[in-house]
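# Architecture and fold: a report
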Amino acid sequence: MTLLRPSAKDDTNVDSDELAGVISCLIDNTPVNIDAKTITPFKNVISSAGRLDEDNQTILIAIYGCWLPDHRLREYRYIMDQLFYYVYHKLEQLVTNDYVLIYFHGATPKHRTPDLKFLRKCYQMINFRLRKNLRSVYVVHPTRWLRTIIALSRPFFSKKFYHKINYLYTVAELQREFPHNNLSIPPIIEQTDWLYSQKYDRHNASIKRSIAQSTSPRSTFTVEDESIA
């Protein structure tokens, strides 16, 4: 089974703890030792995407579903637990004020998509500060499967949190939301975006044609007018 691996440039900047095979950190004042070796293939799942140009205070954080582990891995639950601690640790480091979360689901097969149980656990473990400072969540390339999982998770989310979730079907839509931010898009997601763009460009064109036809005079009216004349 082939696992997606991070590029060499992303393996720089590791601290001595990581080189020793463990990342020691505090999560809600509780000491946690993260198994650095286990999460190494999946560390690209989170990255900073800069700050909003409009205020230079709100940070953009990208999550890439294509880097998540495969459900079929023997120690999948253990890996996901360790990866969750790592992502949480990175959020605690990055977030000082408001932040926007951008989740790229493109190129993420169903066997890498987190299940309902895991999403519920993550939401319950995230502390009040991170929930409060979250301005919005953008889900790029949502599939019907993912939208269903999020909808089923609604009873476990607060109403305020749920209404922060926005769906964007193409990278072009994302760029319109953040025109002054250069977001890093992995090549594998760019390839998927082409497929989404083809699909939704046709869909939008069909809607525009339908609107145009509904607002334009019908041909039968023209015939009737001519007959009256």
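Here the structure is a predicted model, which means the values were calculated and not measured. (Residues numbered from 1 in each chain as written. Predicted model: local features only at pLDDT ≥ 70, side-chain atom pairs only at ≥ 80, totals over all residues. Heavy atoms only, no water.)

## Overview of the overall build of the protein chain
A tally of regular secondary structure across the protein chain gives ten helices and seven strands. Burial statistics for the protein chain: of 229 residues in total, 41% are counted as buried. Within the protein chain, contacts between residues at least 6 apart in sequence are counted, and of these 76% link residues at least 24 apart. Taken as a whole, the protein chain presents about 13900 Å² of accessible surface, with 53% of it coming from carbon and sulfur. (Helix = DSSP H or I, 4+ residues; strand = E, 2+ residues; numbered from the N terminus. Buried < 20%, exposed > 50% of the residue type's maximum accessible area, 1.4 Å probe, protein only. Contact = heavy atoms within 4.5 Å. Areas by Shrake-Rupley, 256 points an atom, 1.4 Å probe, with all protein chains shown as cover.)

## Description of the environment of Cys122
Of note, Cys122 is situated in helix H4 (residues 116-125). The class of Cys122 is buried, set by a relative accessible area of 13%. Considered as a pair, Cys122 and Phe84 are 38 residues apart in the sequence and their alpha carbons are 7.5 Å apart.

## Digging into the packing of aromatic side chains
This model, assessed by the stated rule, comprises eight aromatic pairs. On the numbers, 6.4 Å between centres and 90 degrees between planes, the contact of Phe84 with Phe118 is edge-to-face. With Phe84 in helix H3 (residues 76-94) and Phe118 in helix H4, this residue pair connects regions lying 34 residues apart in the sequence. We classify Phe118 as buried; its relative accessible area is 11%. Centroid distance Phe157 to Phe161: 5.0 Å. Interplanar angle 65 degrees. Geometry classified as edge-to-face. Here Phe157 matches Phe161 in class, with each residue buried. (Phe/Tyr/Trp six-rings, centres within 6.5 Å; stacked < 30°, edge-to-face > 60°.)

## Topic: the sheet that holds strand E7 (residues 165-168)
Reading across the sheet, the five strands line up as E3-E4-E5-E6-E7 and stay open at both edges, with mixed pairing between neighbours. Edge positions in the sheet fall to strand E3 (46-51) and E7, since each of these pairs with one other strand and no more. The mean angle between the axes of side-by-side strands here comes to 25 degrees, regardless of whether they run parallel or antiparallel. The pairing of strand E4 (residues 59-64) with strand E5 (residues 99-104) spans six bridges and is parallel. Residue Leu60 lies in a different strand from E5, and its bridge partner there is Val100. Against the sheet, H3 engages E3, E4 and E5, with an angle of about 20 degrees to E3. Strands E5, strand E6 (134-140) and E7 of the sheet are contacted by helix H6 (residues 144-153), whose axis makes an angle of about 170 degrees with E7. (Pairing = 2+ DSSP bridges. Axes fitted to C-alpha atoms, helices over the stretch in contact; angles between N-to-C directions.)

## Side note on the packing of H3 against H4
The contact between H3 and H4 brings their axes to 12 Å, and the two run at 30 degrees. With respect to the hand of their crossing, H3 and H4 are arranged in right-handed fashion. Where H3 abuts H4, its residues Arg77, Met80, Asp81, Phe84, Tyr85 and Tyr88 lie against Phe118, Lys121, Cys122 and Met125. Within the contact of H3 with H4, the residues separate by chemical class into seven nonpolar, no polar and three charged. (Left-handed = near helix turned anticlockwise from the far one by under 90°. Nonpolar A, V, L, I, M, F, W, Y, C, P; charged D, E, K, R; others polar.)

## Observations regarding the pairing of strand E2 (residues 30-35)
Successive residues of a regular strand alternate their side chains across the two faces of the sheet. Sheet topology places strand E1 (residues 22-27) next to E2; six bridges connect them, and they run antiparallel. Residue Cys25 lies in a different strand from E2, and its bridge partner there is Val32. Linking E1 to E2, which pair antiparallel, is a turn of two residues; within it Asp28 sits at a positive phi near 55 degrees.

## Some thoughts on the side chain of Lys164
Inspection of the secondary structure assignment puts Lys164 in the loop between helix H7 (159-162) and E7. No salt bridge is formed by the buried Lys164; the nearest opposite charge belongs to Asp98, separated by 8.0 Å. Those residues in contact with Lys164 that lie beyond four places of it in its chain are Arg131, Lys132, Leu134, Arg135, Ser136 and Val137. (Lys, Arg positive; Asp, Glu negative; His and termini not counted. Salt bridge = Lys/Arg side-chain N within 4 Å of Asp/Glu carboxyl O.)

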